[in-house]
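Listed below, chain by chain, are the residues.
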Amino acid sequence: MLSELQKDILCEIVNVYIGQAASLLSDMTGQEIRLNVPQVLLLTGASIEDNPTVADDIWTQGHIVSSSIVFSQGLHGKTFLMFPASQAKTLVNACLGEANLLNCGQDSRDLLDTDFDVLKEVANVILNSIMGGFGDLLDTCLEYSVPEIEMLFAPDNEQRHFLSHQTSILLLRTELFLKEESVQGVILIAFGMESITLLLEKINAMAEGASNYAG
Amino acid sequence: MLDELVLDRIEVGLLLLDSSLKIVRCNHYLENLAKKPQQEILNQSIDQVFSRFALPRYKQILLECLTRGQIRFCSGMMHSAFVSPANVPQLHHSRQNLQVRRLESNGDFFVLLQITDISDHFQRVFHLKHLIKDLGADYEQAKATGESMRKQAYYDHLTGVYNRNFFMHQLRYEIKQTERNQRQVAVLFLDLDGFKSVNDSFGHSSGDLLLQQTAVRLRECVRGTDIISRFGGDEFALILTNIEMKENVIKVAEKIRKSLVVPYDLAGIKLSVSASIGCSLYPSDSIDPQALIDLADRAMYQVKFGGKNSVAFYQC
């Protein structure tokens, strides 16, 4: 688990990366898109065993649109951006500057394959920005896979099960603010053991620097 | 040789850039898409051959890929086309997906661009979306027309109360309901006294205003569950439901009569009228809806002949 100071540092770092992504998305769509990360959690197998419901409030009911990128070399793992499918169409329409048609934007069955392309790019921009930022932070190069997108249906208990199979997961709850609506999403970064150690060492060094500065 | 053949046969446009963003390789599909021969493409900077890549945002994507190794996907839905035929402005409906990734060979970095044409697909989606939009508009219009027709079918357009058709339909319905609960239903037939002289003296617009204000006062005198309708001219008919005693009908009718004798202000014209009201009661007077109306009508005429401005049940 992260201390409050570690959480603050991570949250601040990630918000900078995600601010860059928002700027890119705004530029691409010609619309103001704001993004932030209001919540950061580090989940390990042990912490989930101790408290199985620790991340319950981040899970979404029903269908999820999940976009993922595998990263390797300097850091190892896989990163995901997940949206509830019910909000995905709203996000797509906002990106394309289109209004919801016949108020049918709340049904995952309304997603066309071109909509998945748009979601894939949005996720690609956000995940690249965050992972690129972590690469810079740790002064290391990463190799990335081609982004993948899929529609998942996972009941709550299966979502929790997914966590228990990963070594360590950095979990960031995101909020995308579009013109008149906000879309909630979750970013999961599943790090390998060595990678999380590297990251925590860096965060601790920064925390120590901050304490010394404060002292 | 086989590699070359495969690259030229695949249905994806390929461009390979060196670290200075010069095009070092392109396949046959890309040549066809750009309508340019290889000689005009190779060894040129990408932004000189394909103007889209002169835009800072796309240049940045290429540079980010080179320096960070990040793979980037760009949806044609958001970016339209990246490669368009030479000297031809970008077609409005032309759409291409782009994937950018870094390749390394003998310590040198290259950028591989894969361009997939989705124009046909985009056209289908475009038409489908417009079809849905048109259907939505048609649906809204049909709904509005249906609503307007329903109003015309059931309401009196001048006063906003129900019309005669709806009154008849509702009277039959209320009688059926009352058969079950052992209560009674009353019909009131109301005619304004001296309405013709209002029209003759002050004009039809004043007459219309008087009818509208009469409808408002009627609404104030009865329960929300009672039915008010205009039969035509200055005649109104009401259904009072769930009646326990005959005296209650007289009470309500009297309340209405008293309310209607209060002077009216018709856009500055102040005048007073009264009303003659006839009543009938289901089931004691009749069980037939039309007979109930006729009895109330006759009772109203008895009031008229008896001096107007009063309330009565029909007396044989």
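Caption draft 1: Spotlight on the overall build of chain B. For chain B, the count of helices and strands is 12 helices and 13 strands. Within the span of chain B, comprising 316 residues, buried residues form 31% of the whole. A separation of at least 24 residues holds for 55% of the contacts in chain B among residues at least 6 apart in sequence.

Caption draft 2: Local environment of the overall build of chain A. Within chain A, the secondary structure is distributed over six helices and seven strands. Listing the helices and strands of chain A from first to last along the sequence gives α-β-α-β-β-α-α-β-β-α-β-β-α. Here chain A holds 215 residues, and the buried ones make up 38% of them. Contacts in chain A between residues at least 24 apart in sequence constitute 68% of all its contacts with a sequence separation of at least 6.

Caption draft 3: Spotlight on the sheet that holds strand β9 (residues 235-243) of chain B. Residues and elements named next belong to chain B. Across the sheet, which stays open at both edges, the six strands sit in the order β6-β8-β9-β7-β12-β13 with mixed pairing between neighbours. The outermost strands of the open sheet, each flanked by one partner alone, are β6 (162-163) and β13 (311-313). In the sheet, β6 pairs with strand β8 (residues 227-232) via two bridges, with the strands oriented parallel. Note on β8: the bridge partner recorded for Tyr-162 is Ser-229.

Caption draft 4: Up close: the nonpolar core. Judged by nonpolar contacts, the single largest core of 59 residues is most densely connected at Ile-18, Ala-21, Leu-91, Leu-119, Val-122, Ile-126 and Ile-130 of chain A. Broken down by element, this core gets its largest block of residues, 10 residues, from helix α4 (residues 113-137) of chain A. If sequence neighbours within four positions are ignored, Leu-119 of chain A has contacts with Val-65, Ser-67, Ala-88, Leu-91, Val-92 and Ile-149 of chain A. The next biggest cluster of nonpolar side chains, apart from the first, holds 42 residues, and it includes Val-187, Phe-189, Leu-281 and Phe-313 of chain B.

Caption draft 5: Representation of the interface of chain A and chain B within the structure. Counting from both sides, the interface comprises 23 residues of chain A and, opposite them, 19 residues of chain B. Only α1 (4-29), α3 (85-96), α4 and β4 (142-144) of chain A provide two or more residues apiece to the side of chain A that touches chain B. When residues of the side of chain A that touches chain B are assigned to their parent elements, the largest contribution, nine residues, is made by α4 of chain A. For the side of chain A that touches chain B, the class distribution of residues is 12 nonpolar, six polar and five charged.

Caption draft 6: How the structure looks around helix α7 (residues 119-154) of chain B. Over its 36 residues, α7 of chain B runs 52 Å from end to end, which matches the ideal 52 Å to within 8%, given 1.5 Å per residue. Little of α7 of chain B is tucked away: zero of the 36 residues are buried.

Caption draft 7: Inspection of the pairing of strand β7 (residues 182-191) of chain A at higher detail. Residues and elements named next belong to chain A. By the criterion of burial, β7 is predominantly enclosed, with eight of the 10 residues buried. Relative to β7, strand β3 (residues 77-84) is paired through six bridges, and the arrangement is antiparallel. For Leu-81, the partnering residue across the bridge sits in β7 and is Ile-187. Taken together, the 10 bridges between strand β6 (residues 168-177) and β7 define a ladder with antiparallel strand orientation. If you follow Ser-168 over to β7, its bridge partner there is Phe-191.

Caption draft 8: Geometry of the environment of Lys-89 of chain A. All names here are of chain A. Structurally, Lys-89 is set in helix α3. On the basis of neighbour counts, which here come to 24 C-beta atoms within 10 Å, the residue Lys-89 falls in the buried class. As for Lys-89 and Leu-119, which are separated by 30 residues in sequence, their C-alpha atoms are 9.1 Å apart.

Caption draft 9: Here's a closer look at the sheet that holds strand β2 (residues 23-26) of chain B. Residues and elements named next belong to chain B. Here five strands make up an open sheet; going across it, the order is β2-β1-β5-β4-β3 and the pairing antiparallel. Single-partner strands in this sheet number two, and they are β2 and β3 (72-74). Going across the sheet, the axis of each strand differs from the next one's by a mean of 20°, ignoring polarity. Pairing geometry for strand β4 (residues 96-105) and strand β5 (residues 108-117), over 10 bridges, is antiparallel.

Caption draft 10: Representation of the confidence of the model for chain A. Residues at a pLDDT of 70 or more form 76% of chain A, whose mean pLDDT is 78. Long-range and interchain partners of residues 101-106 of chain A, a stretch whose pLDDT sits below 50, account for 13 contacts in this model, where long-range means more than four residues apart.

Caption draft 11: Representation of α4 of chain A within the structure. Residues and elements named next belong to chain A. Look at α4: 36 Å from first C-alpha to last across 25 residues, which is about the 36 Å you get at 1.5 Å a residue. α4 sits mainly inside the fold: 20 of its 25 residues count as buried. Looking one or two residues beyond α4, the residue adopting positive phi is Asp-139, at roughly 55°.

Caption draft 12: Main features of the confidence of the model for chain B. Residues with a pLDDT of 70 or more make up 97% of chain B, whose mean pLDDT is 90. In the model output, the complex is listed with pTM 0.63 alongside ipTM 0.79.

Caption draft 13: Highlighting the packing of helix α9 (residues 195-202) of chain B against helix α10 (residues 204-221) of chain B. Residues and elements named next belong to chain B. Interaxial distance between α9 and α10 falls to 6 Å at its minimum, and their mutual angle equals 140°. Relative to α10, the element α9 is oriented oblique. Contacts from Phe-195, Val-198, Asn-199 and Phe-202 of α9 reach α10 at His-204, Ser-206, Gly-207 and Leu-210. Classifying every residue of the contact of α9 with α10 by side-chain character gives four nonpolar, four polar and no charged.

Caption draft 14: View of unusual backbone geometry. All names here are of chain B. Of note, the bond from Tyr-282 into Pro-283 is cis; its omega dihedral lies within 30 degrees of zero at 5°. Mapped onto the fold, Pro-283 is located in the loop between β12 (274-282) and α12 (289-305). The phi dihedral of Asn-106 falls on the positive side, at around 50°, and the residue is not glycine. With respect to the helices and strands, Asn-106 occurs in the loop between β4 and β5. If you check the backbone angles, Asn-242 has positive phi at about 55° while not being a glycine. Mapped onto the secondary structure, Asn-242 falls in strand β9.

Calculation criteria
- Residues numbered from 1 in each chain as written.
- Chains lettered and ligands numbered in written order.
- Predicted model: local features only at pLDDT ≥ 70, side-chain atom pairs only at ≥ 80, totals over all residues.
- Helix = DSSP H or I, 4+ residues; strand = E, 2+ residues; numbered from the N terminus.
- Buried ≥ 20, exposed ≤ 12 C-beta atoms within 10 Å, placed from the backbone.
- Contact = placed C-beta atoms within 7 Å.
- Pairing = 2+ DSSP bridges.
- Core = buried A, V, L, I, M, F, W, Y, C linked by C-beta atoms within 7 Å.
- Nonpolar A, V, L, I, M, F, W, Y, C, P; charged D, E, K, R; others polar.
- Expected span 1.5 Å × (residues − 1).
- Axes fitted to C-alpha atoms, helices over the stretch in contact; angles between N-to-C directions.
- pLDDT = per-residue confidence, 0-100.
- Parallel < 35°, antiparallel > 145°, perpendicular 65-115°, else oblique.

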